[in-house]
Protein chains: 2
Amino acid sequence: MDAEGGEPGMVRPGGRTARVRDAVLRAAGDALAEHGFGGLDLADVARRAEVGKTTVYRRWSTPAGLVADLLAYMADQSVPRTDLGSLDQDLAANARLVVRTLTDPRQGALFTSVIAAATCDTRTAKALHRFYEVRVKEWAGCVEAAVERGELPAGTDASEVIRAVSAPLYYRLLTGGGALDEAAADRAAEAAAVAARAGVYVS
Amino acid sequence: MDAEGGEPGMVRPGGRTARVRDAVLRAAGDALAEHGFGGLDLADVARRAEVGKTTVYRRWSTPAGLVADLLAYMADQSVPRTDLGSLDQDLAANARLVVRTLTDPRQGALFTSVIAAATCDTRTAKALHRFYEVRVKEWAGCVEAAVERGELPAGTDASEVIRAVSAPLYYRLLTGGGALDEAAADRAAEAAAVAARAGVYVS
């Protein structure tokens with residue numbers, strides 16, 4: 001269970017349709033983590049989920065449709081932001097969560113697969129952008145609270161601060177250039193906080 | 001011609017072998033930009049380059065081999081860093097170059113293709129990481145000069161500062177979240193400079 005990714009399988013209302021969706025999206029996530037977007041096959045996902053092939057084809061139609069729904073699901077299921085009472089602590093918590101997600105074998109593989117898929121598929125790109133929009137908006141609350149407490153200048157673009165925390169961590173993941181560890185997380189959080197205090201993100 | 005990407009075709013020594021390599025790598029870059037890594041086909045590249053298929057297969061063997069050589073070539077050909085005499089100006093020049101590269105239709109498509117390919121191919125990943133290592137090292141000179149001028153604290157990790165400039169720009173490219181324009185470039189450069197001055201990148 002992880003805030004960036006959000007796993008299917010939580011207890012919640014919905015009955016059979018929701019249980020089928022949980023099972024299929026969990027299986028889709030497993031398949032993506034193992035084989036990437038290029039290896040995502042609806043029949044294989046149906047088999048893994050122990051759901052009829054026809055059901056999967058009827059509801060999700062294509063691999064891109066399945067990934068778009070998985071991303072929507074992940075956005076809905078991801079855990080809420082922290083509220084630790086200080087910008088530094090909240091940004092560090094966010095950065096460490098991103099590092100935990102990207103270094104988790106299943107979640108990390110799932111994210112890199114989806115990012116790669118988004119570079120060549122418009123529907124996946126839209127779903128991925130929407131996922132990050134939801135997550136960034138959730139964590140932007142920490143920055144807005146810091147502005148209200150007077151820790152940051154008025155007019156600070158809260159979403160930009162949150163993106164600034166994630167950016168160096170995703171950049172490491174995709175281009176190399178150092179370990180993705182707690183030290184990297186803390187540095188990313190500190191850099192964003194320092195720049196935000198200096199007014200760099202005032203729009 | 002672009003420092004991040006470096007185009008084949010410059011006048012330099014080498015004779016026929018070098019001309020063949022130039023033509024093949026230019027064709028490979030075109031094919032990658034048009035169809036992505038999944039659509040990279042050695043016979044198609046040979047046809048585009050007007051070079052014998054056997055030559056291409058003998059020298060590069062696989063699409064991954066071709067991309068690895070293209071990245072090595074791009075690293076060799078890319079233009080040197082600026083030396084404008086102040087950290088702020090040099091980082092802004094670097095950030096604007098990254099934005100120009102990522103928003104150039106051919107170069108942008110080429111970079112996203114190669115980043116996507118690197119997520120599922122180890123050899124491409126190594127070649128991509130090596131490319132960024134070379135480019136980061138080149139621009140790190142700006143930061144080292146700023147340390148020598150006393151603009152930044154001693155012990156600043158110059159490569160980390162350069163990566164901090166690129167990171168938010170690549171993050172925008174891959175996850176959405178705003179335009180990739182000069183304003184984004186200048187903000188990325190300013191954030192990195194402010195954090196560097198505060199000692200965030202002292203290792």
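Residues numbered from 1 in each chain as written. Chains lettered and ligands numbered in written order. Predicted model: local features only at pLDDT ≥ 70, side-chain atom pairs only at ≥ 80, totals over all residues. Heavy atoms only, no water.

Colleague: I'd like a description of the UniProt feature "DNA-binding region" (unreviewed entry) in chain A, backed by residues and values.
Modeller: Annotation from UniProt places "DNA-binding region" (unreviewed entry) at residues 41–60 of chain A. Annotated as residues 41–60 of chain A, this span is 80% helix and 0% strand, and its ends, taken at the C-alpha atoms, are 11 Å apart. (UniProt positions renumbered as here; feature names shortened; annotations may be inferred. Helix = DSSP H or I, 4+ residues; strand = E, 2+ residues; numbered from the N terminus.)

Colleague: Outline the relation of the copies chain A and chain B, supporting the account with residue identities and numerical values.
Modeller: Aligned on chain B, chain A shows an RMSD of 0.0 Å; the corresponding rotation is 180° and the shift along the axis is 0.0 Å. On this basis, the relationship between the two copies can be described by a two-fold rotation axis. Distance from the rotation axis, computed per C-alpha, reaches its smallest value in chain A at A116 of chain A: 2.2 Å. Take the interface residues of chain A: 100% of them recur as interface residues in chain B, which is what a same-surface contact looks like. (Least-squares fit on C-alpha atoms with pLDDT ≥ 70 in both. Contact = heavy atoms within 4.5 Å.)

Colleague: If you had to explain the domain arrangement of chain A to someone new, which residues and values would you point to?
Modeller: Residues and elements named next belong to chain A. Each domain of chain A was delimited in the assignment, giving domain 1 (15–75) and domain 2 (82–197). Centre-to-centre separation of domain 1 and domain 2, based on C-alpha positions: 27 Å. Across the domain 1 to domain 2 interface the summed buried area is about 1,300 Å²; carbon plus sulfur atoms make up 74%. Linking domain 1 with domain 2 are one salt bridge, by the criterion used here. Here R106 ties to D30 by a salt bridge, and the two come within 2.6 Å at their closest N and O atoms. On the surface where domain 1 and domain 2 come into contact, there are three residue pairs in polar contact (both at pLDDT 80 or more). The dominant element in the side of domain 1 that touches domain 2, judged by the number of residues it contributes, is helix α4 (residues 63–77), at eight residues. For the side of domain 1 that touches domain 2, the residue count by class is ten nonpolar, four polar and two charged. (Domains from an automatic or database assignment. Buried area = accessible area lost by both parts, 1.4 Å probe. Salt bridge = Lys/Arg side-chain N within 4 Å of Asp/Glu carboxyl O. Polar contact = N/O pair within 3.5 Å; in protein donor to acceptor, adjacent residues only side chain to side chain. Nonpolar A, V, L, I, M, F, W, Y, C, P; charged D, E, K, R; others polar.)

Colleague: I'd love a proper account of the pattern of salt bridges, names of residues and values included.
Modeller: Summed over all chains, the structure comprises 26 salt bridges over all chains. Put simply, R48 of chain B and E34 of chain B hold a salt bridge, and the shortest N to O gap is 3.0 Å. Of this pair, R48 of chain B sits in helix α2 (residues 42–49) while E34 of chain B sits in helix α1 (residues 15–35), placing them 14 residues apart in sequence. Here the salt bridges share partners, and the residues they tie into one network are E34, D44, R47 and R48 of chain A.

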